[in-house]
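# Residue-level structure breakdown
So you can see what is in the structure, the chains are spelled out below.
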Protein chains: 2
Amino acid sequence: MGTESSSNCRVTFLPSGICAEVPCGSTILDAARQASVYVTSLCGGDGYCGKCRVVVESGEIDAKPTSLLSRADVQQNVVLACETKVLGDLVVKVPKEHMLDTAQILIDADAHRFSELPAAAAGTRFWHDPPVQKFYLDLVPPSIEDNLGDHERLYAGIRSKTEAPHMQTGYRVLQQLPGLLRQSRWKVTATVAERWGTHEVVQVEPGDTSRSNFGVAVDVGTTTVVAHLVDLNTATTVDAEATYNSQMKYGEDYIRRIFYANQHNALGELQSLIVGDINNLIDTMCSRSKVGMNDVTCTVCAGNTAMIHFLLNLDPTYIRKEPYVPAANFIPPIRAAEVGIRINGRGLLYCLPSVAAYVGSDITAGVVATRLYASRRLALLIDIGTNGEVVLGNREWMVCASSSAGPAFEGSGVRNGMRAVTGAIEKFSIDDSLASRFRTVGGQPPRGICGSGLLDVLAELFRVGILDRAGRFQRQVAPERMREDEQGLLFVIQSASRQDETPELVLTQADVANLIRSKAAIYAAVSLLIETMHVDMNDIECIYLAGGFGNYLDVSKATFIGMLPDVPSEKIRFVGNSCIAGAKEALLSRAAYDMIREVANRLTYVDLMTNVKYMDEFVKANFLPHTDIGRFPSVKAKIRQNQTTTEPR
Amino acid sequence: MGTESSSNCRVTFLPSGICAEVPCGSTILDAARQASVYVTSLCGGDGYCGKCRVVVESGEIDAKPTSLLSRADVQQNVVLACETKVLGDLVVKVPKEHMLDTAQILIDADAHRFSELPAAAAGTRFWHDPPVQKFYLDLVPPSIEDNLGDHERLYAGIRSKTEAPHMQTGYRVLQQLPGLLRQSRWKVTATVAERWGTHEVVQVEPGDTSRSNFGVAVDVGTTTVVAHLVDLNTATTVDAEATYNSQMKYGEDYIRRIFYANQHNALGELQSLIVGDINNLIDTMCSRSKVGMNDVTCTVCAGNTAMIHFLLNLDPTYIRKEPYVPAANFIPPIRAAEVGIRINGRGLLYCLPSVAAYVGSDITAGVVATRLYASRRLALLIDIGTNGEVVLGNREWMVCASSSAGPAFEGSGVRNGMRAVTGAIEKFSIDDSLASRFRTVGGQPPRGICGSGLLDVLAELFRVGILDRAGRFQRQVAPERMREDEQGLLFVIQSASRQDETPELVLTQADVANLIRSKAAIYAAVSLLIETMHVDMNDIECIYLAGGFGNYLDVSKATFIGMLPDVPSEKIRFVGNSCIAGAKEALLSRAAYDMIREVANRLTYVDLMTNVKYMDEFVKANFLPHTDIGRFPSVKAKIRQNQTTTEPR
């Protein structure tokens, strides 16, 4: 390729061998993005997460000094991809930790696992009444005695099948009518969509196509995008699929992506990425299930407020700036094609409503999926993710808050943290001899620790006394498992192994502090809502745990470290992906869709960031399990018991 | 232009000198259309109206033999443009009768004359509440305590000003919101449009633009298009303008245009023509009144069913085929830009509803403008045009019919008939010495006779006995004014004059038959509706005469020939252009718009074409004034009186 300008440099990524030509002076991260080589970057390229570690095998670079790399790292040519400029042709090795290879399969399993809402959570079903319906109409041909106009005849036909006081028809549909009705001998199928108080005739097709009406429910997650293809007639889930959110290359949390979008005027690009992901999911499901794209007449999307903004290319700038205001919580139904989603060209996109900048439609969908809004009994819904949203209430009242727990349990801000993909430690325990056991996702050699694993590690180290209640390492308890580096004490979870290229996996003092802050944020949010509403922790009759993390959570351990309130375990229910469950209910029932909108209106948002009491609760929760151990009677009992057993040692 | 292919011929039209290059073998009418030289053609080029007479000054032609040209015509090189093929370069003279030159001014005057609905007709006013309104919103900026989303804040602002239970926002408007609201410091103007049960936020502008909100009401007539520019805030008519419908070159009546559209797949072209006319009117008014096109937020169009189909490019084929079914009577509000109307890019087009293929929104608008639907008193609305639509009813019930009167009173099918443009005889009388007097439009030398003139001629000839009750010429009464040609007896209205190039103007026996058929059709429609509803002619307390023709109608003469029922003249009211009056009310009041839709639903259509009783009534009305002269006591009295005075002659 001798035609390349001399100011371009070629970067070859190993082990894939994929190349990128970039202007010299670009960063390795830029090159990786251009080549679509996935390199983990939590901070979006700002040089402070330390996740985008790659090894420069050959070539000239200019790497900024950083405290995020150890001397040993530097000697082994490890660099931060975002902080390293390409000055000549490079060969760069991307370590295994970055790989997303087998994640797809795992998420597929998840997607399928939660394709049906657990009956226990739902209890009752909404009336089957999808917002987009097809009606087969065998119209009486006009005669001198009955010379209604074509359009009026169509409306009369539709109204003989459904209540539709206010109707609308698009201009293009109207134009087709005279020819279409006659060619099809007055036997047609009308697709009718609910649009906030009116019914729109979305399309008219010849003959009877009413049996082919599909919808797609999408959980537009910051990390993963999950989609379900649903037969709107039979209310069955035909297929499910998931993928990583391609926006991740611009930051693993959405605040970073908003920064990136603002700085690079890249909102359109971020929209294209998420829309591309959704289209890929729809394509995959449709071709696998042999469903024509034209027969997919609607899609319901739910997600956090920022993701819905990205999806719609709505400016999310003010979400991250005080007073934290979204462009819209309630999005009117629009044509899916307007944002680029490829279903029926006139099919609709329903975005479920959010409550505030940090309480999105994943939560409103969850509140409806769990029926929290309908029950007499007081319940708590906790969605543990980056923010850790909490809803407290019953059919009389509901309050919600976003705890800004931070992404520690998603592996961010933790040295060997990673997402729950192949090779991530997801279970961990220590026995009496302080020997540890773990299980990895996919049974592969460990390459990091995911959320459930981190929670286990924290709980186990605390249980056996390696961590004290303030979260400080007690080196003397297990000196053989501890060592010190420039950043202080650390606990070795797994030693490095040349044999299977396993890296050393550790938990640092800073990691512990991050994890405790995260769990404290969630507990403090729960605690504050309870205090605000003048109820008691014991009044809570049910705790719904939602979110991908929730499914693998060991409840007793989560209570043990003080993340969850100390309630009998039978009160706790995993509800899985309640976001997609709610989205699917909206896809199948206008009543559910309307209820989610009502819930979004009824939910009272409590802002924690400006709440003095919350800071107070948060500080008190920055202990294991809590400053006031009286709130955790079961933990108190266990600690005493452990002290009894471990004291002799 | 030596590059022209030898298979092209050049046609030069005199007196304008405009040329067209057409493939040899094209008709002169084709060439005229290409050159945009107006040549009257009522049949749309099918060779049977005989109106497209032109003179071939030089060049080779191939003219079909036709009975529509006299031998004298043929000797003077008169041809029918539609039946004459161009075989070489031609010079063609277009006679004065075709010219539209000064018509514009006349219509301007008309447009202005009817810019305000006569108070007598309206009586009460609808509540001022335009379907598209602008609201200036001084929004409270968000704060931590009040962190409503931008979209919800906007809705709350709008809802503080107007009832809007169901609201919608276009995607593009939603996208602008965050930036726009902040740049304008939360002071914005929202344009909100009623769309059949929902309110759509059509645009949001910075600052206070609420005072600039305009709408355009359009009477989309088959012959003339009239538009009024209305200030929606002050409910005043800012300007009015009118033009000829450019579709006329494809046929003066819409049935011909439907034929043409079907045969030449020219529906799109016909739409462009009428949309172009409307755009020209809007452009003219906006620039004259210094109103920005962007401030015109809506347009209300009314017209006969076919014209509304042309405007929207809806297939009108089935309007003219049994059972005469329109594509739509009720057209949902759509964006004006969708049909190409140039107002605010997101502004709306409201087409008023029609009742049936031959009772259009000009009639429903008229029923509301006259308040016929609201009165306890029985009234008749007669719109005399090509069809002669009739509405009979009161607030309890309403029936309507279209009489297919034919266009004789519009000058079609009458040898020297023409529209009411400069040089048309509009008033005519005969004195006792059988000398005649007339008045022309614009006081110019006569070149034809328009509707009101034809009615006068018919009534006067009947009054003085030149026509008997069967409509037969009585040559002996005025032998000096009569002569005979190959088509039979004719009455000379005006002899030819070399001096001012005045042609001979005559009324033939065939003309009389056509005119009598037209008046009979209208009377028979009235008569049939009265019989159907079991009321009596004397029960009618008011007759509203609508339509351009109506304004110049001599009521006593119309009664004298039996066109109108014989009622006291004080019962008859001219309501002028009730179509645009109704359209303007809809522009200014949602209640009026809703009422017109209700009226369209309430009006019971009586089909005359398949009605045996109607044929019976029609045959009986084919006399002057009627077979049963007892129905016209005032005429009976006059005839007796005339006979008394004329018998001595």
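Structure: see above.
Residues numbered from 1 in each chain as written. Chains lettered and ligands numbered in written order. Predicted model: local features only at pLDDT ≥ 70, side-chain atom pairs only at ≥ 80, totals over all residues. Heavy atoms only, no water.

## Focus: the overall build of chain A
Selection rule: In this description a helix means any DSSP run of H or I spanning at least four residues, a strand means any run of E spanning at least two, and both kinds are numbered starting from the N terminus. Using C-alpha atoms as the atom set, the radius of gyration is obtained and then compared with a globule rule of 2.2 Å times the number of residues to the power 0.38. Between two residues, a contact is recorded if the distance between any of their heavy atoms is within 4.5 Å. Where accessible areas are quoted, they stem from the Shrake-Rupley method and a 1.4 Å probe; at the residue level, only the protein chains shown are allowed to cover.
Counting secondary structure elements, chain A contains 18 helices and 29 strands. Computed over the C-alpha atoms, the radius of gyration of chain A is 27 Å, within 12% of the 26 Å expected from 2.2 N^0.38 for a compact globule of 649 residues. By its C-alpha atoms, chain A is 100 × 75 × 45 Å across when sized along the principal axes. Restricting the contact set of chain A to residue pairs at least 6 apart, pairs at least 24 apart contribute 68%. For chain A, the accessible surface area stands at approximately 24,600 Å², while carbon and sulfur atoms represent 50% of it.

## Considering the environment of P131 of chain B
All names here are of chain B. Put simply, the test is: Burial classification: accessible surface area is computed with a 1.4 Å probe over protein chains only, and a residue below 20% of its type maximum counts as buried, one above 50% as exposed, and the rest as partly exposed.
Structurally, P131 can be placed in the loop between α4 (119–122) and β8 (132–138). By relative accessible area, P131 is classed as buried at 2%. C-alpha of P131 to C-alpha of L348: the two residues are 217 residues apart in sequence and 9.5 Å apart in space. Every residue in contact with P131, bar those within four places of it in the chain, is listed here: V192, A193, E194, Y350, A586, L587, L588, S589 and R590.

## What to know about the sheet that holds strand β2 (residues 18–23) of chain B
Across a sheet, paired strands are connected by hydrogen bonds in the backbone, their directions being either parallel or antiparallel. Residue and element names in this part refer to chain B. Keep this limit in mind: Pairing between strands requires that DSSP locate at least two bridges from one strand to the other. Each axis is a line fitted through C-alpha atoms, taken for helices only over the stretch in contact, and angles between the N-to-C directions span 0 to 180 degrees.
In spatial order, the strands read β2-β1-β7-β3-β5; together these five strands make up an open sheet with mixed pairing. At either end of the open sheet lies a strand with only one pairing partner, and these are β2 and β5 (78–80). Each adjacent strand pair in this sheet contributes to an overall mean axis angle of 35°, direction not counted.

## Some remarks on unusual backbone geometry
Omega for the peptide link from L14 of chain A to P15 of chain A comes to 5°, which places this bond in the cis form. Residue placement: P15 of chain A occurs in the loop between β1 (8–14) and β2 (18–23). Of note, H534 of chain B is a non-glycine position whose phi angle comes to about 55°, a positive value. Inspection of the secondary structure assignment puts H534 of chain B in the loop between α13 (509–532) and β27 (542–546). Using a relative accessible area of 74% as the deciding quantity, one classes H534 of chain B as exposed.

## Overview of the interface of chain A and chain B
The condition is simple: What gets called buried area is simply the loss in accessible area from a 1.4 Å probe that two parts show on being joined, summed for both. In the sections that follow, a salt bridge refers to a side-chain nitrogen of Lys or Arg positioned within 4 Å of a carboxyl oxygen of Asp or Glu. We call two N or O atoms a polar contact when they sit within 3.5 Å, provided that within protein one can donate a hydrogen and the other can accept it, with sequence-adjacent residues counted only if both atoms are side-chain atoms. In the scheme used here, Gly and all other residues not listed as nonpolar or charged are polar, with Ala, Val, Leu, Ile, Met, Phe, Trp, Tyr, Cys and Pro taken as nonpolar and Asp, Glu, Lys and Arg as charged.
In this assembly, 48 residues from chain A lie in contact with 48 residues from chain B. Both sides of the chain A and chain B interface together cover about 4,000 Å² of buried area, and 60% of this is carbon and sulfur. When the buried area of chain A at its contact with chain B is split by residue, I144, N147 and Y171 of chain A rank highest and sum to 17% of it. Here chain A is connected to chain B by zero salt bridges. Taken together, the connections running from chain A to chain B amount to 22 residue pairs in polar contact (both at pLDDT 80 or more). Mapped by element, the contributors of at least two residues to the side of chain A that touches chain B are α5 (150–159), β9 (167–169), α6 (171–183) and α10 (336–339) of chain A. In terms of residue count, the dominant contributor to the side of chain A that touches chain B is α6 of chain A (six residues). Its residues assigned to classes, the side of chain A that touches chain B shows 25 nonpolar, 14 polar and nine charged.

## Here's the deal with the pattern of salt bridges
Residues and elements named next belong to chain A. Considering all chains together, one arrives at 60 salt bridges over all chains under this definition. Residue D295 is joined to K134 by a salt bridge in which the shortest nitrogen-to-oxygen separation is 3.5 Å. Of the two residues, D295 is situated in the loop between α8 (267–289) and β15 (296–303) and K134 in strand β8 (residues 132–138); the sequence distance between them amounts to 161 residues. The exposure class of D295 is buried, given its relative accessible area of 17%.

## Section: the pairing of strand β1 (residues 8–14) of chain B
All names here are of chain B. Examined bridge by bridge, β1 and β2 share six bridges and lie antiparallel to one another. Within the sheet, the bridge partner assigned to C9 lies in β2 and is V22. Taken together, β1 and the strand that follows it, β2, pair antiparallel across an intervening segment of three residues, in which G17 is found at a positive phi of about 80°. Judged from the four bridges that link them, β1 and strand β7 (residues 90–93) form a sheet pairing that is parallel. Looking across to β7, one finds that L14 is bridged to K93.

## A closer look at the state of the cysteines
Residue and element names in this part refer to chain A. Which entries qualify depends on this criterion: A pair of sulfur atoms, both from cysteines and within 2.5 Å, is called a disulfide here.
Using the criterion set out here, one finds two disulfides over all chains in the structure. The disulfide partner of C9 is C24, and the S-S distance across this bridge is 1.8 Å. Across the S-S bond of C9 and C24 the torsion is about 110°, and the bridge reads as right-handed. Linking C9 in strand β1 with C24 in the loop between β2 and α1 (28–34), this pair joins segments that are 15 residues apart in sequence. Residue C24 is classed as partly exposed on the basis of its relative accessible area of 32%.

## Examining the relation of the copies chain A and chain B
Our working definition: When the copies are overlaid, the least-squares fit takes in C-alpha atoms only where the residue has pLDDT of at least 70 in both copies.
At an RMSD of 0.1 Å, chain A and chain B line up after a rotation of 180° and a shift of 0.1 Å along the axis. Such a combination of rotation and displacement between the chain copies is what one expects of a two-fold axis. The share of interface residues of chain A whose copies in chain B are also at the interface is 100%, consistent with both copies meeting through the same surface.

## Comments concerning the packing of aromatic side chains
Let me state the cut-off plainly: Two rings from Phe, Tyr or Trp (for Trp, the six-membered ring) form a pair when their centres are within 6.5 Å of each other. A pair whose planes differ by under 30 degrees is stacked, one over 60 is edge-to-face, and the rest are tilted. Counted as over-ring charges are cases with an Arg CZ or a Lys NZ within 6 Å of the ring centre that also lie within 35 degrees of the ring normal.
Under the counting rule described, the total for this entry stands at 12 aromatic pairs over all chains. Note on F462 of chain B and F560 of chain B: the rings are 5.1 Å apart at their centroids and 45° apart in plane angle, and the pair reads as tilted. In this pair, F462 of chain B sits in helix α12 (residues 451–463) while F560 of chain B sits in helix α14 (residues 555–560), placing the two residues 98 residues apart along the sequence. A relative accessible area of 5% places F560 of chain B in the buried class. The cationic tip of R153 of chain A hangs over the ring face of W186 of chain A; the distance from NZ or CZ to the ring centre is 5.9 Å.

## A word on empty space enclosed by the protein
Residue and element names in this part refer to chain A. Stated formally: Here the term cavity refers to a set of points on a 1 Å grid, laid over the protein atoms alone, in which a 1.4 Å probe fits but cannot get out; the term pocket refers to an open set having protein on both sides within 12 Å along at least five of seven lines, with lining residues being those that place an atom within 4 Å of a point. Grid points are joined across faces, edges and corners, and a volume is the space filled by probe spheres set on the points.
Evaluation of the coordinates by the stated rule reveals eight cavities of 30 Å³ or more. Taken as a whole, the second largest cavity encloses approximately 90 Å³ of empty space. T223, E252, T386, P407 and E410 are the residues nearest the centre of the second largest cavity, which is lined by 10 residues in total.

## Here we look at helix α17 (residues 612–620) of chain A
Residues that lie three or four places apart on an α-helix share one face, since the helix turns once every 3.6 residues. Residue and element names in this part refer to chain A. Condition: Arc definition: directions from the helix axis to the C-beta atoms.
All of the buried residues in α17 are Y614, E617 and F618. For α17, the buried positions fall inside an angular range of 100° around the axis, keeping them on one side. Among the exposed residues of α17, those oriented more than 90 degrees off its buried face are V612, K613 and V619. Looking at the buried side of α17, the elements it contacts are α13 (509–532). The residue sitting at the N-terminus of α17 and contributing the capping side-chain oxygen is N611; that oxygen lies 3.0 Å from the backbone nitrogen of K613.

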